[in-house]
Amino acid sequence: MLTLNLEEFMIELNEGSIENVGASNKSATVKLFEVESAEAREFGDKRVKLVLEDDDGNEVQVSLFPEQVRSLTSDIEELEENSTVFE
């Protein structure tokens with residue numbers, strides 16, 4: 001299941017083109033639940049791309065720098081040691 005929350009979001013459809021309307025203070029939150037597949041792969045010369053997909057074909061891709069991946073890996077290792085999630 002994919003949820004998408006858009007804040008202060010307005011676009012204009014003009015002859016098939018999408019154009020920004022208004023201020024540039026837009027933001028979005030995307031959440032993907034019930035992930036069926038997850039993978040990490042190289043993205044360019046300096047990043048790692050995480051690709052998450054659910055059964056419905058919804059997909060989220062996230063590009064991270066190596067230090068962000070290391071921090072995330074550390075967080076997961078700590079959860080494995082101290083949380084009941086991995087039992």
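Residues numbered from 1 in each chain as written. Predicted model: local features only at pLDDT ≥ 70, side-chain atom pairs only at ≥ 80, totals over all residues. Heavy atoms only, no water.

Undergrad: So what exactly am I meant to see when it comes to the overall build of the chain here?
TA: Broken down by element type, the chain carries 1 helix and 7 strands. The globule rule puts the C-alpha radius of gyration for 87 residues at 12 Å, and the 17 Å found for the chain is more than 25% above it. Principal axes of the C-alpha set define a box for the chain whose edges measure 55 × 30 × 25 Å. As displayed, the chain has an accessible area near 7300 Å², and 48% of this comes from carbon and sulfur atoms. (Helix = DSSP H or I, 4+ residues; strand = E, 2+ residues; numbered from the N terminus. Rg over C-alpha atoms; globule rule 2.2 N^0.38 Å. Areas by Shrake-Rupley, 256 points an atom, 1.4 Å probe, with all protein chains shown as cover.)

Undergrad: What exactly am I supposed to notice about the environment of Gly 22 here?
TA: Note on placement: Gly 22 falls in the loop between strand E3 (17-20) and strand E4 (27-32). For the pair Gly 22 and Phe 9, spaced 13 residues apart in sequence, the C-alpha to C-alpha distance is 8.5 Å.

Undergrad: Explain the sheet that holds strand E7 (residues 59-64) to me, please; I cannot follow it from the model alone.
TA: Taking strand neighbours across the sheet as the criterion, the 3 strands line up as E5-E6-E7 in an open arrangement whose pairing is antiparallel. Pairing within the sheet leaves two strands with one partner each, and these edge strands are strand E5 (35-43) and E7. Neighbour-to-neighbour, the strand axes of this sheet turn through a mean angle of 15°, independent of strand direction. Bridge analysis of E5 against strand E6 (residues 47-54) gives 8 bridges, and the strand direction is antiparallel. Residue pairing for E6: Glu 42 is matched across the bridge by Val 48. Along the sheet, helix H1 (residues 66-82) makes contact with E6 and E7, crossing E7 at roughly 110°. (Pairing = 2+ DSSP bridges. Axes fitted to C-alpha atoms, helices over the stretch in contact; angles between N-to-C directions. Contact = heavy atoms within 4.5 Å.)

Undergrad: Please clarify how the pattern of salt bridges should be interpreted in this entry.
TA: Should the charged atoms of two oppositely charged side chains come close, the side chains can pair. Applying the stated criterion across every chain yields a total of 1 salt bridge. The shortest N-O distance in the salt bridge between Glu 39 and Arg 41 comes to 3.3 Å. Its relative accessible area of 42% is what places Glu 39 among the partly exposed residues. Classification of Arg 41 by relative accessible area gives partly exposed; the value is 35%. (Salt bridge = Lys/Arg side-chain N within 4 Å of Asp/Glu carboxyl O. Buried < 20%, exposed > 50% of the residue type's maximum accessible area, 1.4 Å probe, protein only.)

Undergrad: What's the story with unusual backbone geometry in this structure? I'm lost.
TA: Positive phi is not limited to glycine here, since Glu 8 has a value of about 50°. Structurally, Glu 8 can be placed in the loop between strand E1 (2-7) and strand E2 (11-14).

Undergrad: Would you explain the environment of Asn 5 in this entry?
TA: Take Asn 5: it is sitting in strand E1. With 25 residues separating them in the primary sequence, Asn 5 and Val 30 have C-alpha atoms 6.5 Å apart. When neighbours within four sequence positions are excluded, Asn 5 is seen to be in contact with Ser 27, Ala 28 and Thr 29. Among the polar contacts listed, one links the side chain of Asn 5 to the side chain of Glu 7, at a separation of 3.4 Å. (Polar contact = N/O pair within 3.5 Å; in protein donor to acceptor, adjacent residues only side chain to side chain.)

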